Amino acid sequence: MKTPFVARRVAFGVLYATLGAGIIVLLAAASFGASANITIHDAYSRPANDMGAVFLTIENAGSIDEQLDDARSTVAGATEVHETYTVASGDAMRHIPSLTIPAGKSVTLKPGGYHIMLIGLKNDLRPGDRFTIGLHFHDAGWIDVPVVVRPF
Amino acid sequence: MAIHLMAIAAASAVSALVGTAAPDFTLTDQAGHAFSMSGQRGHVTVLYFGYTHCPDICPTTLAEVASVVRQLGPNADRDVRVAFITDDPERDTSKTLRDYVTLFDPWFLGLDGTGQELAPVYKAYHVWFTKLPNHGSAAGYLLAHSSFIYMVGKDGVVHYVHDWRDDRSAIARDLRKLYQ
């Protein structure tokens, strides 16, 4: 029980970039989980009863950068793109109006980084539940993304 | 920048707790029972400060703690006292805390108190948090907050303080040392 562990850094919750608040009406989507150049996979959420988060990977097979600039769902009062950042990493905070998916690259939204935040869930999310969110890209438009709730 | 510097100050201050008796306090758990730190002698106790509106770090950390605790043994989640202490008494209630902590483990405790009761606890544990400006988010205000996992041994001493980003194996290893 020796060797005291010294905390190295302060990570801290939160967030930010509000890319659009609760649009609940689902419009016709280009296709399910994919458009010409954008593919979204491994979308999952976690058990939650008020605030939830969706994590996923966005792949841009195109030759130009794409921007994720809005999100929506019917499961929560509002659906927003957020970022968690680390305070002690050296940078000051910055407000990001949209998330860039570079041409030919993938961006993974994962715990401790970017996530789609579900604010004011209408029902609890339980393991195995499935729902759909919409992500809007500057060029590709709205893409529907199936999400599964994984246990912690 | 100010937030950055305050966070660094919190990180260095919290390490001074290691090897000292866990500062005592009495707060109220989600069932309305008093929870005092000095009353936990004989049990490994894990403390984590956060808020139930936390979208990412708090659930990630609590899920990790739950997983690590359950790996210790069949009744470990009952033996190890895991207490989530709110940084947000303004919005968190015993009900929201109960609903929240039990997502992770039925034995987890959510501790609340009045602002006056909580302030000295934050100070003693070098908990740092600040409300962030709301850039139009429907979430209301969010908090920037320190995110330490305090591990207190059966002897009532703070033996380890981990950052939530620390390697799961390191967190598991240290908790196991205290639990054995």
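Residues numbered from 1 in each chain as written. Chains lettered and ligands numbered in written order. Predicted model: local features only at pLDDT ≥ 70, side-chain atom pairs only at ≥ 80, totals over all residues.

**Student:** I'd like a rundown of the overall build of chain B, residues and numbers included.
**Tutor:** Within chain B one finds 6 helices and 9 strands. A principal-axis box enclosing the C-alpha atoms of chain B has dimensions of 50 × 35 × 30 Å. Expressed as a percentage of its 180 residues, the buried residues of chain B come to 49%. Of the contacts made within chain B by residues no fewer than 6 positions apart, 67% connect residues no fewer than 24 positions apart. (Helix = DSSP H or I, 4+ residues; strand = E, 2+ residues; numbered from the N terminus. Buried ≥ 20, exposed ≤ 12 C-beta atoms within 10 Å, placed from the backbone. Contact = placed C-beta atoms within 7 Å.)

**Student:** Tell me about the environment of A:S63, residues and numbers included.
**Tutor:** The topology assignment puts A:S63 in the loop between β2 (51-60) and β3 (66-73). The spacing of A:S63 and A:N37 is 26 residues in sequence and 8.6 Å in space, taken between C-alpha atoms.

**Student:** Which residues make up the sheet that holds strand β5 (residues 109-111) of chain B, and what are the values?
**Tutor:** All names here are of chain B. Taken together, 5 strands build an open sheet; the order of strands is β5-β4-β3-β8-β9 and the sheet is mixed. Each of the sheet's edge strands pairs with one partner strand only, and the pair in question is β5 and β9 (158-163). For this sheet, the mean angle separating the axes of adjacent strands, direction not counted, is 25 degrees. Inspection of the sheet shows strand β3 (residues 45-50) paired to strand β4 (residues 81-86) by 6 bridges, in the parallel sense. Across the sheet, V46 pairs through a bridge with V82, a residue of β4. Helix-sheet contacts for helix α4 (residues 94-101) involve β4 and β5, and the interaxial angle to β5 is about 150 degrees. The sheet contacts of helix α6 (residues 168-179) involve β8 (148-152) and β9, and relative to β8 the element is tilted by about 20 degrees. (Pairing = 2+ DSSP bridges. Axes fitted to C-alpha atoms, helices over the stretch in contact; angles between N-to-C directions.)

**Student:** Now, about the pairing of β3(B): what can you tell me, with residues and values included?
**Tutor:** Along any regular strand the residues' side chains alternate between the sheet's two faces. Residues and elements named next belong to chain B. Among the 6 residues in β3, 6 count as buried, and that is most of the element. Both faces of β3 are covered, namely the face carrying T45, L47 and F49 and the face carrying V46, Y48 and G50. Summarising the sheet, β3 and β8 pair through 4 bridges and their orientation is antiparallel. Directly across from Y48, in β8, lies its bridge partner I149.

**Student:** Any details on the pairing of β3(A)? Residues and values, ideally.
**Tutor:** Residues and elements named next belong to chain A. Bridge analysis of β3 against strand β5 (residues 99-101) gives 3 bridges, and the strand direction is antiparallel. Its bridge partner lying in β5, L68 is registered against L99. Where β3 and strand β8 (residues 130-137) come together, 5 bridges link them in antiparallel fashion. Bridge pairing links A71 to L135 in β8.

**Student:** Describe the environment of B:G113, naming the residues involved and giving the relevant values.
**Tutor:** Structurally, B:G113 is set in the loop between β5 and α5 (115-124). Contact partners of B:G113, with chain neighbours within four places excluded, come to B:L27, B:T28, B:P89 and B:L118.

**Student:** How would you summarise α4(B) if you had to cite specific residues and measurements?
**Tutor:** All names here are of chain B. Residues of α4 that are buried: T96, L97, Y100 and V101. Angularly, the buried residues of α4 cover 115 degrees about the axis, an arc narrow enough to put them on a single face. In this fold, the buried residues of α4 make contact with β4 and β5. (Arc of directions from axis to C-beta.)

**Student:** Any chance you could break down unusual backbone geometry for me, citing the residues and the numbers?
**Tutor:** Apart from glycine, the bulk of residues carry a negative phi angle, and the bulk of peptide bonds sit in the trans form. Phi is positive for A:D42, which is not a glycine, with a value near 55 degrees. Along the chain, the position of A:D42 falls in strand β1 (residues 38-45). For B:H126, which is not a glycine, the phi torsion comes out positive at approximately 55 degrees. The topology assignment puts B:H126 in the loop between α5 and β6 (129-131). For B:H126, a count of 21 C-beta atoms within 10 Å puts it in the buried group.

**Student:** Go over the nonpolar core, please, and point to the residues and values.
**Tutor:** Ranked by internal contacts, the top residues of the largest apolar core, which has 88 residues, are A:V54, B:V46, B:F84, B:I149 and B:Y150. Among residues more than four places away in sequence, those in contact with B:Y150 are B:V46, B:L47, B:Y125, B:V158 and B:V161. (Core = buried A, V, L, I, M, F, W, Y, C linked by C-beta atoms within 7 Å.)

**Student:** Please provide a residue-by-residue account of α6(B), values included.
**Tutor:** Three or four residues apart is the spacing at which side chains of an α-helix point the same way, because the helix has 3.6 residues per turn. Residues and elements named next belong to chain B. For α6, which comprises 12 residues, the first-to-last C-alpha distance of 16 Å matches the rise-based estimate of 16 Å (1.5 Å per residue) to within 8%. What α6 keeps buried is the set I171, D174, L175 and L178. Axial view of α6: buried residues confined to an arc of 100 degrees, hence all on one face. The outward face of α6, more than 90 degrees from its buried face, is lined by the exposed residues S169 and R173. Check the buried side of α6 and you find it contacts α2 (57-70), β8 and β9. (Expected span 1.5 Å × (residues − 1).)

**Student:** With reference to specific residues and values, describe the confidence of the model for chain A.
**Tutor:** All names here are of chain A. Here chain A averages 77 in pLDDT, and 69% of its residues register 70 or above. Of all the helices and strands in chain A, strand β4 (residues 76-83) carries the lowest mean pLDDT, 89, while β1 carries the highest, 97. Predicted confidence is poor over residues 1-31, with pLDDT under 50, and the contacts of this stretch with residues over four places away or in other chains come to 112 contacts. Segment residues 89-95: pLDDT under 50, and 6 contacts once partners within four positions in sequence are set aside and those in other chains are kept. (pLDDT = per-residue confidence, 0-100.)

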